[in-house]
Amino acid sequence: MSWTELQADIQKCNACKLRASCTQVIAGEGNTDARVLFISEGPDEKEDETGTPFSGYSGKFLHGEIRRRGIPDEDTFTTNVVRCYPPDGRDPEPEEIDACWQWTEKILALVKPKIIVTLGKYPLSALAYRYGFSKKLGSQIKITTIAGRSIWVEDKHFYVYPMYHPSFATRSRVRREEFAGHMRFLATSLPGWLERP
Ligand code: URA
């Protein structure tokens, strides 16, 4: 299945209650041959209005950081654990992440990333729970402790690299600097991680 076909299917999705309140479904964007896939929480209000993925404040900050650290845009794909704007920008609920997971799986199968960068706790816990590496994270996911530390997922043959959600990162100078440090570490580690067979 091509990205155009998959995107068309995703845009028709009605699998959870979010579809009733959002303007449109936003599948994601990027190169389907990318080796690095960023997965975040859900579209924001601006993206819901315009239909352009990652065009709001958080999305622009994220893409700015990716470029600034020298990670080529054409080697990235960006998506979310839920693809409809949650009302008033609230957190995604577990059943919404579950309903949207069929598309997450299809995107992962199409892109076959070597590194999955999770932005915030929702994508990290969704992956950890489904791909059996939650034990590596301890009993509670504390994003400030886990961000910036890579996890090799043997069964799937990819790295998961947790980072802060961009809106958390932009809340203070300290978090912003930490986020930049994590992105720098990602950029410098990429060549080695990509060599892993
Ligand atoms: N835009 C997205 O698509 N996802 C986020 O988590 C934030 C902004």
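Our subject is the structure listed above.
Residues numbered from 1 in each chain as written. Predicted model: local features only at pLDDT ≥ 70, side-chain atom pairs only at ≥ 80, totals over all residues. Heavy atoms only, no water.

Considerations on the pattern of salt bridges
- Under the definition given, this model contains 12 salt bridges.
- With a closest N to O distance of 2.9 Å, K17 and E96 form a salt bridge. Here K17 is found in the loop between α1 (3-11) and α2 (18-21), whereas its partner E96 is found in helix α5 (residues 94-111), with 79 residues between them in sequence.
- The exposure class assigned to K17 is partly exposed, which follows from its relative accessible area of 48%.
- D73 is paired through a salt bridge with R67; the nearest N and O atoms lie 2.8 Å apart.
- A relative accessible area of 30% places D73 in the partly exposed class. (Salt bridge = Lys/Arg side-chain N within 4 Å of Asp/Glu carboxyl O. Helix = DSSP H or I, 4+ residues; strand = E, 2+ residues; numbered from the N terminus. Buried < 20%, exposed > 50% of the residue type's maximum accessible area, 1.4 Å probe, protein only.)

A word on α1
- Among the residues making up α1, those that are buried are W3, L6 and I10. Each buried residue of α1 sits inside an arc of 65° when the element is viewed along its axis, so together they form one side. (Arc of directions from axis to C-beta.)

A short note on the environment of F179
- Structurally, F179 is set in helix α9 (residues 173-195).
- Here the alpha-carbon distance between F179 and P166, two residues 13 residues apart in the chain, equals 8.1 Å.
- Residues contacting F179, with those up to four places away along its chain left out, are F61, L62, E65, L119, M163, Y164 and A169. (Contact = heavy atoms within 4.5 Å.)

Focus: the state of the cysteines
- Using the criterion set out here, one finds zero disulfides in the structure.
- The cysteine C22 is free of any disulfide, with C84 supplying the nearest cysteine sulfur at 3.2 Å. (Disulfide = S-S within 2.5 Å.)

Some points on the site of the ligand
- If you check the shell around the ligand, you find S40, E41, G42, P43, E47, F54, S58, N80 and H165 and nothing else.
- A distance of 3.2 Å separates an oxygen atom of the ligand from a polar backbone atom of E41.
- For the ligand, a nitrogen atom lies 2.7 Å from a polar atom in the side chain of E47.
- Relative to its free-state accessible area of 240 Å², the ligand is covered by the protein chains to the extent of 95%.
- Among the cavities detected, the one that contains the ligand is the largest pocket.
- By residue class, the composition of the shell around the ligand is two nonpolar, five polar and two charged. (Near = heavy atom within 4 Å. Polar contact = N/O pair within 3.5 Å; in protein donor to acceptor, adjacent residues only side chain to side chain. Areas by Shrake-Rupley, 256 points an atom, 1.4 Å probe, with all protein chains shown as cover. 1 Å grid on protein atoms, 1.4 Å probe; cavity = no way out; pocket = protein on both sides within 12 Å on 5 of 7 lines; lining within 4 Å. Sits in = over half its atoms within 2 Å of the grid points. Nonpolar A, V, L, I, M, F, W, Y, C, P; charged D, E, K, R; others polar.)

A look at empty space enclosed by the protein
- This structure, assessed with the given rule, holds one cavity of 30 Å³ or more.
- In this structure, the largest cavity occupies an estimated 90 Å³ of space.
- Along its surface, the largest cavity is lined by 13 residues, and C13, C16, R83, C84 and C100 are the ones closest to its centre.
- Contributing elements (two or more residues each) for the lining of the largest cavity: α2 and α5.
- The greatest single-element share of the lining of the largest cavity, amounting to three residues, is contributed by α5.
- Along the lines of polarity and charge, the residues of the lining of the largest cavity split into nine nonpolar, one polar and three charged. (Points joined across faces, edges and corners; volume = space filled by probe spheres on them.)

Quick word on the pairing of strand β4 (residues 115-119)
- Where burial is concerned, most of β4 is hidden: five out of the five residues are buried.
- Summarising the sheet, strand β2 (residues 36-40) and β4 pair through four bridges and their orientation is parallel. Bridge pairing in β4 links V36 to I115.
- With five bridges connecting them, β4 and strand β6 (residues 158-163) associate as parallel partners. Bridging across to β6, V117 finds its partner in Y161. (Pairing = 2+ DSSP bridges.)

Concerning the environment of I66
- With respect to the helices and strands, the residue I66 is situated in helix α4 (residues 57-68).
- Along the sequence, I66 and S40 sit 26 residues apart, while their C-alpha atoms lie 14 Å from each other.
- In contact with I66, other than residues within four places in its own chain, are F38, I71, D73, T76 and M183.

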